[in-house]
Amino acid sequence: MQCAWLLRVWLEPLGDLSVRAMQAGNPSKFALGSRGTRTGTPEFLALLQPQIQLQETAETLLNGQEMQFWLDKVVAWGQAERPDTQKDTSLHLSRLSSYLQQLLTHINDMSSTTETMKRQPLLGQLLGRLCWNPCVTADDTSRGLLLQCLWGLYSENPSNAVERKANQWIRKVLCQLATEEDDAAAQALMKHMGVPPKEYHLKVLRKAVASLQENIGKSCSSLNISQRCSCDSILATSEACVPLVTCPEAAPLIGALLQRPVACVRATLSEDFLDALSSAYSSQGLSLEEQAVVSLWYHRLSTLEEAVLSLLESVLTNKGSVLKQAEENERVKSLIQTFTSCFLRELALLQPQKCVSLKAFFPQSPQSLLVPLLTLPSELPQEAWRHHLNWLSSSLQRLTEEGEEGDEDSSCSTRGHNRMFEAWFLLVQCAHWVRVTLQLLGTSGPEDCGPLLWLLTFYHHPTNRGHQRALQMVHAKEAWGHLHSLFSVSARPLSLDHLQSLVTLLSPQPKQPSLSPLLILSLLVNFAVFSQQSLSGSTHILQTVVDRSGLVDEAACVLSSLELKLNEGSCLSSDANRVHLRIEALQNTLTHMHAAMEPC
């Protein structure tokens, strides 16, 4: 397959530079792959001579006569070493290009190389002799057409001896053209044109990539049995890209291969190609766009697993940065939660004799919190939820206080902060209890909300930067109080003061201690879904607050996440039908609001 790649690379190196070089001096010095003593291709004659007799139609006879004319010409030209043959070759280049274009069309219209050689038995001799004529190979148009003809004759899956021998010959020709012993011709060309080798080879690569990319973008033609399917080259192209996966110049071609719709069985990508991409991705050596990386994950799920594990490892080994950066990074939290959920599900499926203690999987987590947090809400009666959460809240609060008390002693401070991080990280992994906390806060009275609000505040603000947790708790209670008043069944009419206060809390001021807008938004959505307020009243409150605060899309995300968790069973409700109907109605409202905001 490397030879097939060399074929494409040789198609369009530097446009007409080689023609200008030929005009400036001896053309044989600048012909790609020229050698002093080559006598054409007698091997190819014997290998590809069809063994069956052709029907002598008028059209075939005419084509045969023209083919014979050009074969006589190239035999007379030889390797164009004399001035008279060089002149005659140059005079015929335009006509030769036209004929090569006809041959290329003829080759592409055939269903196989075997059929092509049956109809044009002298084709191999002609193409072979032209490959060694420096005047022909120095001409950009003729060279491109000549090698496209060879490319068309190359069989991806040879079905008989003729096609296998044709492939063997084409590979031999390409390797000879591209691997001169001293590379004197290419060096002479670069020196004459003043082009540095690196620039020359980069231009060769870019043009080859562009040509291949255009070719793989063609639609599948597998339904037309009279034509060769355009997908035949996909496998060969992907194999040719194996040594180029870390080359930025090849990134557009690699991306096109990965994102090409698999509409044909022939459009399969090489396993070696996917392995090389996966390896390069693991070592961060790929230069692909985001969509191409996603397509790689689709083709090779193990690469996605590696990416997830790498991200988790990064999270676990950079505790300080996580505490600072992940407070508002819900994507990171969601990834951690999804991974933990899948892990626990798989762990539960193991046979008892194969099970390992949870402590082995969570060695750094506070052992007193491990089982209580990993216990799913569905494993406890709903009446026990509040008591369970109050215990979790007091335990976490005690851990954070112990960690913050050691701030003056550096060693104690480090141990305390590590324990606090592990406790918070375990809470993030077991976010099902955070969702239950939000659900209960939407139906709780003032006397019950303290421990739950502390747990929720710690989840969103674990670092206590500048010792602000006390002030954050004040803001959390204030936000909950406004929501509780607004969603109270007896609240008629709605208090504009409460609405405006919520909007103010959702719009934090720069350089001032503030509460996470997501915390308040989550409370708002859960009140709208679980409270006893009428659906119309809840919709009006939600619509007013998110409209004035400009958080329509964020509220829609929180609502969609809540619906997803309810469908998964990680959130429970005694009146599931009512809850789903309210979520659907609220989603419709937010969808209409989003549509109204978009420009016409």
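The structure displayed is predicted, hence computed values, not measured ones.

A count of helices and strands for the chain gives 32 helices and zero strands. Within the chain, the proportion of its 600 residues that are buried is 48%.

Quick look at the packing of helix α6 (residues 83-109) against helix α8 (residues 123-131) now. Angle between the axes and distance between the axes: these two values describe a pair of packed helices. Interhelical geometry of α6 versus α8 gives an angle of 135° and a closest axis separation of 13 Å. Taken together, the axes of α6 and α8 are oblique relative to one another. Relative to α8, α6 is oriented so that their crossing is left-handed. Residues Leu-96, Tyr-99, Leu-100, Leu-103 and Ile-107 of α6 form the contact with α8, whose participating residues are Leu-123, Leu-126, Leu-127 and Leu-130.

For the rest of this paragraph, the subject is the environment of Ser-561. Take Ser-561: it is sitting in helix α31 (residues 552-568). The sequence separation of Ser-561 and Ser-334 amounts to 227 residues, and the corresponding C-alpha distance is 9.9 Å.

Once that is clear, we can look at α31. Here α31 is 17 residues long and its end C-alpha atoms lie 25 Å apart, about the 24 Å a rise of 1.5 Å per residue gives. By the burial criterion, the buried members of α31 are Val-552, Ala-555, Val-558, Leu-559, Leu-562, Lys-565 and Leu-566. Angular distribution of buried residues about the axis of α31 spans 160°; they occupy a single face of the element. Exposed positions of α31 whose direction lies more than 90 degrees from the buried face are Cys-557, Asn-567 and Glu-568. Contacts from the buried residues of α31 go to α25 (432-441), α29 (517-530), α30 (535-549) and α32 (576-597).

Okay, the confidence of the model for the chain next. Atom-level detail of predicted coordinates should not be read off regions where pLDDT is low. Of all residues in the chain, 73% have pLDDT values of 70 or greater, and the mean over the chain is 76. Here residues 1-62 scores under 50 on pLDDT; set against residues more than four positions off or in separate chains, the count is 137 contacts.

Ranked by size, the top nonpolar core spans 75 residues in total, and within it Leu-524, Val-529 and Val-546 carry the most contacts. If one sorts the elements of this core by residue count, α29 sits on top with eleven residues. Ignoring sequence-local partners within four residues, the contact set of Val-529 consists of Leu-559, Leu-562, Arg-578, Val-579, Arg-582, Ile-583 and Leu-586. Met-67, Val-74, Cys-131 and Cys-149 belong to the second-largest nonpolar core, a separate cluster that totals 30 residues.

On to the packing of helix α15 (residues 251-259) against helix α16 (residues 271-282). Axis separation between α15 and α16 bottoms out at 13 Å; the angle between their running directions is 120°. As for how α15 packs across α16, the hand of that crossing is left-handed. Residues Ile-254, Leu-257 and Leu-258 of α15 form the contact with α16, whose participating residues are Phe-273, Leu-274 and Leu-277. Residues that form the contact of α15 with α16 fall into these classes: six nonpolar, no polar and no charged.

Another aspect to go through is the side chain of Thr-237. As for its placement among the helices and strands, Thr-237 is situated in helix α14 (residues 232-240). For Thr-237, a relative accessible area of 2% puts it in the buried group. Contacts of Thr-237, omitting those with residues within four sequence positions, involve Leu-212, Ile-216, Leu-253 and Leu-257.

The final tally for this structure, using the stated rule, is ten aromatic pairs. Summarising the aromatic geometry, the rings of Phe-343 and Phe-361 are spaced 5.0 Å apart at their centres and angled 70° between planes, so their arrangement reads as edge-to-face. Taken together, the residues span a long stretch of sequence, with Phe-343 in helix α20 (residues 330-349) and Phe-361 in helix α21 (residues 358-361) at a distance of 18 residues. Judged by its relative accessible area of 26%, Phe-343 is partly exposed. Measuring from centroid to centroid gives 5.5 Å for Phe-487 and Phe-527, while their planes differ by 25°, and the two rings are stacked. Pair noted here: Phe-487 is in the loop between α27 (469-486) and α28 (496-505) and Phe-527 is in helix α29, with a separation of 40 residues, a long-range link. Summarising the burial analysis for this pair, Phe-487 and Phe-527 share the class buried. Members of the aromatic cluster, each reached through a chain of ring pairs, are Phe-69, Trp-70 and Tyr-99. When the ring centre of Tyr-459 is taken as reference, the NZ or CZ atom of Lys-333 above it lies at 4.2 Å.

Further remarks concern the pattern of salt bridges. Taken as a whole, this structure holds five salt bridges when the rule is applied. Between Arg-300 and Glu-271 there is a salt bridge, with the nearest N and O atoms lying 2.7 Å from each other. Here Arg-300 is found in the loop between α17 (290-299) and α18 (301-317), whereas its partner Glu-271 is found in helix α16, with 29 residues between them in sequence. On the basis of relative accessible area, Arg-300 is assigned to the buried category, the value being 13%. We classify Glu-271 as partly exposed; its relative accessible area is 49%. Across the pair Asp-275 and Arg-300 runs a salt bridge whose closest N-O atoms are separated by 2.5 Å. Placement of Asp-275 in helix α16 and of Arg-300 in the loop between α17 and α18 is noted, with a sequence separation of 25 residues between them. It is possible to trace a salt-bridge network through shared partners that takes in Glu-271, Asp-275 and Arg-300.

Our next topic: the environment of Thr-268. For Thr-268, the position within the fold is in the loop between α15 and α16. A residue is classified by how much of its surface remains accessible, and Thr-268, at 48% relative accessible area, is partly exposed. Between the C-alpha atom of Thr-268 and that of Ser-233, which follows or precedes it by 35 residues, the distance is 9.8 Å. Setting aside anything within four residues of it in sequence, one finds Thr-268 in contact with Ile-234 and Leu-235.

Our next topic: the environment of Asp-575. Structurally, Asp-575 can be placed in the loop between α31 and α32. Classification of Asp-575 as partly exposed rests on a relative accessible area of 38%. For the pair Asp-575 and Phe-530, spaced 45 residues apart in sequence, the C-alpha to C-alpha distance is 9.4 Å.

Scoring rules and cut-offs
- Residues numbered from 1 in each chain as written.
- Predicted model: local features only at pLDDT ≥ 70, side-chain atom pairs only at ≥ 80, totals over all residues.
- Heavy atoms only, no water.
- Helix = DSSP H or I, 4+ residues; strand = E, 2+ residues; numbered from the N terminus.
- Buried < 20%, exposed > 50% of the residue type's maximum accessible area, 1.4 Å probe, protein only.
- Axes fitted to C-alpha atoms, helices over the stretch in contact; angles between N-to-C directions.
- Parallel < 35°, antiparallel > 145°, perpendicular 65-115°, else oblique.
- Left-handed = near helix turned anticlockwise from the far one by under 90°.
- Contact = heavy atoms within 4.5 Å.
- Expected span 1.5 Å × (residues − 1).
- Arc of directions from axis to C-beta.
- pLDDT = per-residue confidence, 0-100.
- Core = buried A, V, L, I, M, F, W, Y, C linked by side-chain atoms within 4.5 Å.
- Nonpolar A, V, L, I, M, F, W, Y, C, P; charged D, E, K, R; others polar.
- Phe/Tyr/Trp six-rings, centres within 6.5 Å; stacked < 30°, edge-to-face > 60°.
- Lys NZ or Arg CZ within 6 Å of the ring centre and 35° of its normal.
- Salt bridge = Lys/Arg side-chain N within 4 Å of Asp/Glu carboxyl O.

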